[in-house]
Amino acid sequence: GAGGAGAAADEAPAEKTEFDVVIEEVPSSARIASIKVVRALANLALTEAKDLIEGLPKKVKEGVSKDEAEDAKKQLEEVGAKVSIA
């Protein structure tokens, strides 16, 4: 059967090229600064950024390059947010 080739391709992990930046937690003291960073990174309106910060964990960037993901993570961590890259 020809099905064997497809199964082998599924097993070999391809090098990841797209990453999601996920805000896990924001301490109350860092909320305003985090909202400002989220607005800049995701190009969101104030209300949208505030809603995003209130409903954690949430993705702030999806399908971005490793460099862009690392940069966003660094900016968010500088203001006190706990961030992961998936």
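Right above here is the structure, for reference.
Please read these numbers as outputs of a predicted model, since none were measured by experiment.

**Quick notes on helix H3 (residues 46–54)**
Residues of H3 that are buried include every one of Ala49, Leu52 and Ile53, and no others. Buried positions in H3, seen along its axis, are confined to an arc of 95° and lie on one side of it.

**Focus: the environment of glutamate 54**
Looking at the element boundaries, glutamate 54 is found in helix H3. Residues glutamate 54 and glutamate 25, 29 residues apart in the sequence, show an inter-C-alpha distance of 9.4 Å.

**What to know about the environment of glutamate 48**
With respect to the helices, strands and loops of the structure, glutamate 48 is situated in helix H3. Sequence separation between glutamate 48 and valine 38 is ten residues; the distance between their C-alpha atoms is 9.4 Å. Separated by 2.9 Å, the side chain of glutamate 48 and the backbone nitrogen of alanine 45 make a polar contact.

**Quick notes on the sheet that holds strand S2 (residues 58–64)**
Pairing in this open sheet of three strands is antiparallel, and the strands run S2-S1-S3 from one edge to the other. Single-partner strands in this sheet number two, and they are S2 and strand S3 (82–85). Averaged over all pairs of adjacent strands, the angle between their axes in this sheet comes to 20°, without regard to strand direction.

Reading the values: the criteria
- Residues numbered from 1 in each chain as written.
- Predicted model: local features only at pLDDT ≥ 70, side-chain atom pairs only at ≥ 80, totals over all residues.
- Heavy atoms only, no water.
- Buried < 20%, exposed > 50% of the residue type's maximum accessible area, 1.4 Å probe, protein only.
- Helix = DSSP H or I, 4+ residues; strand = E, 2+ residues; numbered from the N terminus.
- Arc of directions from axis to C-beta.
- Polar contact = N/O pair within 3.5 Å; in protein donor to acceptor, adjacent residues only side chain to side chain.
- Pairing = 2+ DSSP bridges.
- Axes fitted to C-alpha atoms, helices over the stretch in contact; angles between N-to-C directions.

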